[in-house]
Amino acid sequence: MYAVIKTGGKQYRVAAEDTLIVEKLAGEPGDVIEFGEVLMHGADGEPTIGTPFVSGAMVSAEVVEQGRADKIIIFKKKRRQNYRRRNGHRQDITTVRILEILIDGKKAKQSATPKAKAETAMAETPKAKPKKAPASDQAVDASAEPKPKAGKKPAKQSDE
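Attention in this report is confined to the structure presented alongside it. Note that the structure is a prediction, hence the values are computed from the model and not measured. Along each chain, the written sequence defines residue order, and numbers are assigned to residues from 1. Totals for whole chains, interfaces and linings use every residue, but because this is a predicted model, local features are given only for residues with pLDDT of at least 70 and side-chain atom pairs only at 80 or more, for both listing and counting. To obtain the side-chain values, all non-hydrogen atoms of the structure were used and water was disregarded.

In this section: the overall build of the protein chain. Here a strand is any run of E in DSSP of at least two residues, a helix any run of H or I of at least four, and the numbering for each starts at the N terminus. Helix and strand counts for the protein chain come out as one helix and ten strands. Reading the protein chain from its N end, one meets helices and strands in the order β-β-β-β-β-β-β-β-β-β-α. When the 160 residues of the protein chain are sorted by exposure, 24% land in the buried category. If you take every contact in the protein chain between residues at least 6 apart in sequence, the share linking residues at least 24 apart comes to 63%. For each residue, the accessible area found with a 1.4 Å probe, counting protein chains only, is set against the maximum for its type, and the residue is called buried under 20%, exposed over 50%, and partly exposed in between. We call two residues contacting when some pair of their heavy atoms lies within 4.5 Å.

Given below as structure tokens:
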């Protein structure tokens, strides 16, 4: 079974267990995300084409990693005008692994990786409250002048 999904202004043909590099999506590695914009899905028989999306169809995927693409160099030049501009760009990308293609409004299985399970277990444990520093016994006198540092002479004041 395959599906055509839309994300980041592009369309991708995906199947279960495919690894895909798409534009930046919110989520940490191990999170399960869902693509609701399914344009088409099919198996061995006739494909189902949406108008514009297939109702009740969804594709679930797991975030593998967040990263950045290779640098693209943009170079502009106008000959004989001494005009040259060099610029670069690195696009933020997300690598996802397609878990399953869901049809007829079925819900995705929440299959979390061991790393994600450990992170959720850490989040559920209560954290100890930080201890406050004991109050100072001596009150600070605001009118007291700061003492000069050892080894430095005070600056001379001129009488002009």
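Glancing now at the environment of K24. Inspection of the secondary structure puts K24 in the loop between strand 3 (19–23) and strand 4 (32–35). The class of K24 is partly exposed, set by a relative accessible area of 47%. As a C-alpha pair, K24 and D92 span 68 residues in sequence and 5.4 Å in three-dimensional space. Once residues lying within four places of it in the same chain are set aside, the contact partners of K24 are Q66, D92, I93 and T94.

Ordered by their spatial adjacency, four strands build an open sheet running 3-10-7-4, and the pairing between neighbours is antiparallel. Lying at the two open borders of the sheet, with one neighbouring strand each, are strand 3 and strand 4. Taken pair by pair, the neighbouring strands of this sheet meet at an average axis angle of 45°, ignoring direction. By the bridge criterion, ten bridges tie strand 7 (residues 58–68) to strand 10 (residues 92–102) in an arrangement that is antiparallel. Across the sheet, the residue bridging to V59 is I101, located in strand 10. Think of it this way: DSSP has to see at least two bridges between two strands before they count as a pair. Every axis in this analysis is a line fitted to C-alpha atoms, fitted for helices over the stretch in contact. Angles between the N-to-C directions lie between 0 and 180 degrees.

Turning to the pattern of salt bridges, a few remarks are in order. Here, a salt bridge means any Lys or Arg side-chain nitrogen found within 4 Å of an Asp or Glu carboxyl oxygen. As enumerated under the stated definition, the model contains four salt bridges in all. For K10, the salt bridge is made with E23, and the minimal N-O distance between the two is 2.7 Å. Of this pair, K10 sits in strand 2 (residues 10–15) while E23 sits in strand 3, placing them 13 residues apart in sequence. For E23, a relative accessible area of 28% corresponds to the partly exposed category. One salt bridge in this structure joins R97 and E17, with 3.4 Å as the shortest N-O distance. Taken together, the residues span a long stretch of sequence, with R97 in strand 10 and E17 in the loop between strand 2 and strand 3 at a distance of 80 residues. Overlapping salt bridges bring together E17, E62 and R97 as one network.

With that settled, consider the sheet that holds strand 6 (residues 48–49). Pairing is antiparallel in the open sheet, where four strands are placed in the order 2-1-5-6. With partners counted over all chains shown, the strands left at the sheet margins are strand 2 and strand 6, one partner each. The pairing of strand 1 (residues 2–7) with strand 2 spans six bridges and is classified as antiparallel. Residue pairing across strands places V4 opposite R13, the latter belonging to strand 2.

Two aromatic rings from Phe, Tyr or Trp, using only the six-membered ring of Trp, form a pair when their centres are within 6.5 Å; if the ring planes differ by under 30 degrees the pair is stacked, by over 60 it is edge-to-face, and anything between is tilted. Enumeration according to the criterion identifies zero aromatic pairs in this entry. Whether a charge lies above a ring is judged from NZ of Lys or CZ of Arg, which has to be within 6 Å of the ring centre and within 35 degrees of the ring normal. When the ring centre of Y2 is taken as reference, the NZ or CZ atom of R13 above it lies at 4.2 Å. Seen from the ring of Y83, K78 lies directly overhead, with NZ or CZ sitting 5.2 Å from the centre.

Turning our eyes to something else, we now look at the pairing of strand 10. Taking burial as the measure, the eleven residues of strand 10 include nine buried ones, the bulk of the element. Inspection of the sheet shows strand 3 paired to strand 10 by five bridges, in the antiparallel sense. Paired with V22 across the two strands is T94, which belongs to strand 10.

Purely geometric stuff here, so don't read any function into it on its own.
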